[in-house]
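If you want the building blocks of each chain, they are given just below.
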Amino acid sequence: ETTSLIKILKEFGLWELPVSGEIPSVFIKSYPVDLNEVQDVSIKKRVFLHSLLPQALFVRQEVLHRREKFESILNKIDCSSEILDFGSGLEYENQCSWTDFLVEEDVNFIQQLCKVYRTTSPEVLLERVDAIPVSIILAQGALESSWGSSRFSREGNSIFGMWTWKTAGLVPSRREDGKTPKVKASETGLEAVRSY
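Our subject in this report is the structure included herewith. (Residues numbered from 1 in each chain as written. Predicted model: local features only at pLDDT ≥ 70, side-chain atom pairs only at ≥ 80, totals over all residues. Heavy atoms only, no water.)

## Thoughts on the overall build of the protein
And step 1. Secondary structure assignment for the protein yields 7 helices and 3 strands.
And step 2. In sequence order, the secondary structure elements of the protein are arranged as α-α-α-α-α-α-β-β-β-α.
And step 3. Against the 2.2 N^0.38 benchmark of 16 Å for 196 residues, the protein shows a C-alpha radius of gyration of 21 Å, more extended than a compact globule.
And step 4. Its C-alpha atoms give the protein principal-axis dimensions of about 65 × 50 × 25 Å.
And step 5. Expressed as a percentage of the 196 residues in the protein, the buried residues total 38%. (Helix = DSSP H or I, 4+ residues; strand = E, 2+ residues; numbered from the N terminus. Rg over C-alpha atoms; globule rule 2.2 N^0.38 Å. Buried < 20%, exposed > 50% of the residue type's maximum accessible area, 1.4 Å probe, protein only.)

## Topic: the nonpolar core
And step 1. Of all hydrophobic cores here, the largest spans 27 residues; its most connected members are Tyr31, Val47, Phe48, Leu52 and Ile159.
And step 2. Secondary-structure elements contributing two or more residues to this core are α1 (2-11), α2 (41-76), α5 (134-145) and α7 (189-195).
And step 3. Broken down by element, this core gets its largest block of residues, 7 residues, from α2.
And step 4. Every residue in contact with leucine 52, bar those within four places of it in the chain, is listed here: Tyr31, Ile137, Leu138, Ile159 and Val193. (Core = buried A, V, L, I, M, F, W, Y, C linked by side-chain atoms within 4.5 Å. Contact = heavy atoms within 4.5 Å.)

## Describing the side chain of serine 149
And step 1. Inspection of the secondary structure assignment puts serine 149 in the loop between α5 and α6 (151-156).
And step 2. In this view, serine 149 contacts Leu35, Asn36, Lys44 and Arg154; residues no more than four positions away in its chain are not counted.

## A look at unusual backbone geometry
And step 1. Its identity as a non-glycine residue notwithstanding, arginine 118 has a phi of 50 degrees, on the positive side.
And step 2. Looking at the secondary structure, you find arginine 118 in the loop between α3 (104-117) and α4 (122-128).
And step 3. Notably, serine 146 is not glycine yet its phi reads approximately 55 degrees, a positive angle.
And step 4. On the accessibility criterion, serine 146 (39% relative accessible area) is partly exposed.

## Let's talk about the sheet that holds strand β1 (residues 163-164)
And step 1. Strands sit in the order β1-β3-β2 across an open sheet of 3 strands; the sheet is antiparallel. Sheet topology places β1 and β2 (169-170) at the edges, where each strand pairs with a single neighbour.
And step 2. With 2 bridges connecting them, β2 and strand β3 (residues 182-184) associate as antiparallel partners. Directly across from glycine 169, in β3, lies its bridge partner lysine 184. (Pairing = 2+ DSSP bridges.)

## Topic: α5
And step 1. Over its 12 residues, α5 extends 16 Å from the first C-alpha to the last, a length consistent with the 16 Å expected when each residue adds 1.5 Å.
And step 2. Those residues of α5 not exposed but buried are Val134, Ile137, Leu138, Gly141, Ala142 and Ser145. What you see down the axis of α5 is that its buried residues fit within an arc of 120 degrees, all on one side. For α5, the exposed residues set more than 90 degrees away from the buried face come down to Ser135 and Leu143.
And step 3. Positive phi appears at serine 146, one or two residues downstream of α5, with a value of about 55 degrees. (Expected span 1.5 Å × (residues − 1). Arc of directions from axis to C-beta.)

## Focus on the packing of aromatic side chains
And step 1. Per the counting criterion, the structure on display carries 4 aromatic pairs.
And step 2. Aromatic rings pair up to connect Tyr31, Phe48 and Trp147 into one cluster. (Phe/Tyr/Trp six-rings, centres within 6.5 Å; stacked < 30°, edge-to-face > 60°.)

## Quick look at the pattern of salt bridges
And step 1. Applying the stated criterion to the full structure yields 6 salt bridges.
And step 2. Where arginine 194 meets glutamate 62, a salt bridge forms, and the shortest distance between an N and an O atom there is 2.6 Å. Remark: glutamate 62 occurs in helix α2 and arginine 194 occurs in helix α7; sequence separation between them is 132 residues.
And step 3. Taking relative accessible area as the criterion, glutamate 62 reaches 22% and is therefore assigned partly exposed.
And step 4. Here arginine 67 makes a salt bridge to glutamate 71, at a shortest N to O gap of 3.2 Å. Pair noted here: arginine 67 and glutamate 71 are both in helix α2, with a separation of 4 residues, about one helical turn.
And step 5. For arginine 67, a relative accessible area of 19% corresponds to the buried category. (Salt bridge = Lys/Arg side-chain N within 4 Å of Asp/Glu carboxyl O.)

Written out as structure tokens, the structure is:
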């Protein structure tokens, strides 16, 4: 219920955000089902933004850490980026054997990045493994979820309106017959921010 979430935000210092300093890492599992019934729009906006902010900051730091680690690993590889590919490991003429430069942990990290970001190109990975500005996360979340009060947000933690064809999701009520896309559901708000 929204009043309980407001109480939590106040208790942890997230209702009145500090001008400077740290934002407490308080993560909500989901937005209250009655958030769409809040009549005072300024309260609804505050509840949404002040509960999404800690999650957005946390995930942004995770991504920046991942990028820093990736750049550190790239610096260990003594190959020209034009011939560097993190693909199947098959060596072609002029292709670098990048795994020779790395310990198993680093190789596994790169392979996981390639899987998550769906590319084997180091240049594309550098573009994709980058943090989205917090302002964009908050703005798109507000827009796509109607300040956390949309059906998709309330029923499936779908804060960003991401579509899916493979994973669990919510079927839009006005989906065309014969179409298969769903709105991606997440277990928690934090998981939704990570997916975004």
